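So the chains spell out like this:
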Amino acid sequence: MTSLVRLSLEPEFTRGHGALYDALAEGRIDDERLFSLLATDLAQSVDGPEARAWIAEHDLTGHAMLEKALAGLPAEESARVRDACARWSRMRFAVDATACPRPDAWCSPGREHVHNGACRCKGSSKTAPGWEYQFTAAVGHLRTAWASLADVARTVPATRTAQTIAQVKNVLRRLRAAGHGARTAPLLVFDAGYSAAALTDGLPGCPAHVLVRLAAGPVFYAQPVTWEGKDGRPPRRGAAVHCLEPADFAAAAGGSGPRGRKKPLPPNPEPDEELTLPDTPLYGTVRAGAWHDVHPLIHGDRGWFAGRENLPVLPGTLIHVTVERLPDGRDPHRAMRLWHAGPGHLSLDELWRAYLARFDIEHAFKLLKGTFGLTAAKVRTPEQADRWIRVLMAAHAQLLLARPLAADLRRPWERQPDPARPLAPGRVRRGFRNIRRDLGTPARVAKPARPGPGRPKGSSKGPAPRHLLPGEADMPRTVNKPLTREKVKT
């Protein structure tokens, strides 16, 4: 889909090309009903019959024996054990944002400098003027290209953390209203662009697990060790755990380490839990270590905690994961560090595999942008873009529902699909037209009409108002002067 005008030329669209623009400009969508339907009814559809058969083969927990063993324990402890053992029945949601770039839309309000990985700017600031949309999608236990989109919100950099926390709470509220997650808390997975401390502080008491990837550099501290007879003020922190590579510890001793540190950094303490998985198909030998009950170093002068007098202590689990190789054969250039906080501890094998499942939402972004035309609709206002994205979410939900019904219309050069895995979204979309003719449509038959008279002759609405980007109000601007003969370069 390259434009709204070309979309209106499809045979299923029996209206004029202006009807789609009018619908986006004046249409109404009940967000609560739409997101409740997507989160409660379609979130579990991402695991198809192939995934359920794979789960039944790998889920070796004796549930009857587990319930018998937990019969004599207190309710709080037994619920915590059930939640830790509910690996295959736990719902997993990935939260990530994607940019809708509009660099030349000077008349579109609400544009911000948003991160755009496809930007060809020099340096590390990959930003472009436009709008940013943050999605929440349910990801399955079997690694596929499918993700069930459950919620979306337009975010701005100034309030992104507060909007993310509100979006997560709305998803959890809809799941509880539908009866999902009553026995097992869902797992929310975030990328490295989110603040682990802010998300942990903003979701206190929520029945959900938070898993965030950490960038290099944060410092975590264990609980202080106290004993009787020690004079002086009791310690505030325990041993420090630095999220640095081994080469950074060696460089810190020579004064070239992080922030010009001259004294050598002490080595990290031994992890409380370790896991080794030899000979995995994609990553070779995987080693994971965890430090339990550690809390991050919080700065009270900036960010989410700015202006607070009493900074909270946020306990959680720091996970360090190293692999032997990457799926494409390259050597990994850095380790992966994860932060987990929730009602209880989860296994290391579940956590690091859950973060890898987060990449299924990237396939959904690729489908929305490259095939569905998320950025192809050149609308003016952000409200019109909001309605267009919700229409695409409904179309993506139709593909998810049609996955077991679509026939594989394979091209001669394409491979035979694996029967143990579902069809890719592109192949389901290829055969959707054969399914759609048997579904019908809730839309009414279009009434025949003639084009309107248009704008009266001689009338003009004037130029549309222009909206500056943040930070452009004080920038000097050149005035376009008429070109005279003396200024023409010959």
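Rules behind the numbers
- Residues numbered from 1 in each chain as written.
- Predicted model: local features only at pLDDT ≥ 70, side-chain atom pairs only at ≥ 80, totals over all residues.
- Heavy atoms only, no water.
- Helix = DSSP H or I, 4+ residues; strand = E, 2+ residues; numbered from the N terminus.
- Buried < 20%, exposed > 50% of the residue type's maximum accessible area, 1.4 Å probe, protein only.
- Contact = heavy atoms within 4.5 Å.
- Core = buried A, V, L, I, M, F, W, Y, C linked by side-chain atoms within 4.5 Å.
- Disulfide = S-S within 2.5 Å.
- Axes fitted to C-alpha atoms, helices over the stretch in contact; angles between N-to-C directions.
- Parallel < 35°, antiparallel > 145°, perpendicular 65-115°, else oblique.
- Left-handed = near helix turned anticlockwise from the far one by under 90°.
- Nonpolar A, V, L, I, M, F, W, Y, C, P; charged D, E, K, R; others polar.
- Salt bridge = Lys/Arg side-chain N within 4 Å of Asp/Glu carboxyl O.
- Pairing = 2+ DSSP bridges.
- Expected span 1.5 Å × (residues − 1).
- Phe/Tyr/Trp six-rings, centres within 6.5 Å; stacked < 30°, edge-to-face > 60°.
- Lys NZ or Arg CZ within 6 Å of the ring centre and 35° of its normal.
- pLDDT = per-residue confidence, 0-100.
- Polar contact = N/O pair within 3.5 Å; in protein donor to acceptor, adjacent residues only side chain to side chain.

Here we look at the overall build of the protein chain
Phase 1 of the analysis: The helix and strand tally for the protein chain stands at 14 helices and 12 strands.
Phase 2 of the analysis: Counting only C-alpha atoms and orienting by the principal axes, one finds that the protein chain spans roughly 95 × 70 × 45 Å.
Phase 3 of the analysis: In the protein chain, buried positions account for 38% of the 490 residues.
Phase 4 of the analysis: A sequence separation of at least 24 residues applies to 64% of the contacts in the protein chain between residues at least 6 apart.

Considerations on the nonpolar core
Phase 1 of the analysis: Within the largest apolar cluster, 43 residues are counted, with the highest numbers of intra-cluster contacts made by Tyr133, Phe135 and Met393.
Phase 2 of the analysis: Per-element tally for this core: the top contributor is helix H12 (residues 382-401), with eight residues.
Phase 3 of the analysis: In this view, Tyr133 contacts Asp96, Ala97, Thr98, Cys100, Val152, Ala153, Arg154, Pro382, Ala385, Asp386 and Ile389; residues no more than four positions away in its chain are not counted.
Phase 4 of the analysis: Among the nonpolar cores identified, the runner-up in size contains 31 residues, and Ala43, Phe190, Leu214 and Phe220 belong to it.

Focus: the state of the cysteines
Phase 1 of the analysis: Scanning all chains against the criterion turns up zero disulfides.
Phase 2 of the analysis: Of all cysteine sulfurs, the one in Cys100 lies closest to Cys107, which takes part in no disulfide; the gap is 16 Å.
Phase 3 of the analysis: Cys107 sits in the partly exposed class, given a relative accessible area of 23%.

Regarding the packing of helix H3 (residues 31-41) against H12
Phase 1 of the analysis: At a closest axis distance of 12 Å, the pairing of H3 and H12 adopts a crossing angle of 25°. Judged by the inter-axis angle, H3 sits roughly parallel to H12. Between H3 and H12 the crossing geometry is left-handed. Side by side, H3 and H12 meet where Asp31, Leu34, Phe35 and Leu38 of the first sit next to Arg390, Met393 and Ala397 of the second.
Phase 2 of the analysis: Of the residues contributing to the contact of H3 with H12, the split by class is five nonpolar, no polar and two charged.

Comments concerning the pattern of salt bridges
Phase 1 of the analysis: A complete count under the given rule lists 25 salt bridges for this structure.
Phase 2 of the analysis: One salt bridge connects Asp349 with Arg87, and the closest N-O pair in it is separated by 2.7 Å. Here Asp349 is found in helix H10 (residues 348-357), whereas its partner Arg87 is found in the loop between helix H6 (75-85) and strand E1 (92-101), with 262 residues between them in sequence. Exposure class is identical for Asp349 and Arg87. Each is buried.
Phase 3 of the analysis: We note a salt bridge from Arg427 to Glu414, for which the minimum N-O separation is 3.5 Å. Taken together, the residues span a long stretch of sequence, with Arg427 in helix H13 (residues 425-430) and Glu414 in the loop between H12 and H13 at a distance of 13 residues.
Phase 4 of the analysis: Assessed through its relative accessible area of 22%, Glu414 is described here as partly exposed.
Phase 5 of the analysis: A network of salt bridges, in which partner residues are shared, links Asp408, Arg410, Glu414, Arg427 and Arg430.

Some remarks on the pairing of strand E4 (residues 147-155)
Phase 1 of the analysis: With respect to burial, E4 is a largely interior element, seven of its nine residues being buried.
Phase 2 of the analysis: Here eight bridges tie strand E3 (residues 127-139) to E4, and the two strands are oriented antiparallel to one another. Note that in E4 the partner of Thr136 across the bridge is Asp151.

A look at helix H7 (residues 160-177)
Phase 1 of the analysis: The end-to-end C-alpha separation of H7 is 26 Å, in line with the 26 Å expected for 18 residues at 1.5 Å each.
Phase 2 of the analysis: Thr164, Ile165, Gln167, Val168, Val171, Leu172, Arg174 and Leu175 are the residues of H7 that are buried.
Phase 3 of the analysis: Packed against the buried residues of H7 are H3, E1, E3, E4, strand E5 (187-190) and helix H8 (196-202).
Phase 4 of the analysis: Immediately downstream of H7, the backbone of Gly179 shows phi near 90°, a positive value.

Here we look at the packing of aromatic side chains
Phase 1 of the analysis: On inspection of all chains with the given rule, the structure shows six aromatic pairs.
Phase 2 of the analysis: Consider the rings of Tyr283 and Trp352, whose centres lie 6.0 Å apart with planes at 85°: the pair is edge-to-face. Here Tyr283 is found in the loop between strand E9 (273-280) and strand E10 (284-296), whereas its partner Trp352 is found in helix H10, with 69 residues between them in sequence.
Phase 3 of the analysis: Positioned over the ring face of Phe359 is Arg358, at 4.7 Å from the centre of the ring.
Phase 4 of the analysis: Positioned over the ring face of Trp146 is Arg403, at 5.3 Å from the centre of the ring.

Focus: the confidence of the model for the protein chain
Phase 1 of the analysis: For the protein chain, per-residue confidence averages 85 on the pLDDT scale, and 91% of positions sit at 70 or higher.
Phase 2 of the analysis: Put simply, helix H9 (residues 246-252) is where the protein chain has its lowest mean pLDDT, 66, and E5 is where it has its highest, 96.

Some details on the side chain of Asp96
Phase 1 of the analysis: Mapped onto the fold, Asp96 is located in strand E1.
Phase 2 of the analysis: Owing to a relative accessible area of 9%, Asp96 belongs among the buried residues under this scheme.
Phase 3 of the analysis: There is a polar contact of 3.0 Å between the side chain of Asp96 and the side chain of Arg358.
Phase 4 of the analysis: When neighbours within four sequence positions are excluded, Asp96 is seen to be in contact with Tyr133, Gln134, Phe135, Tyr194, Arg358, Ile361, Glu362 and Phe365.

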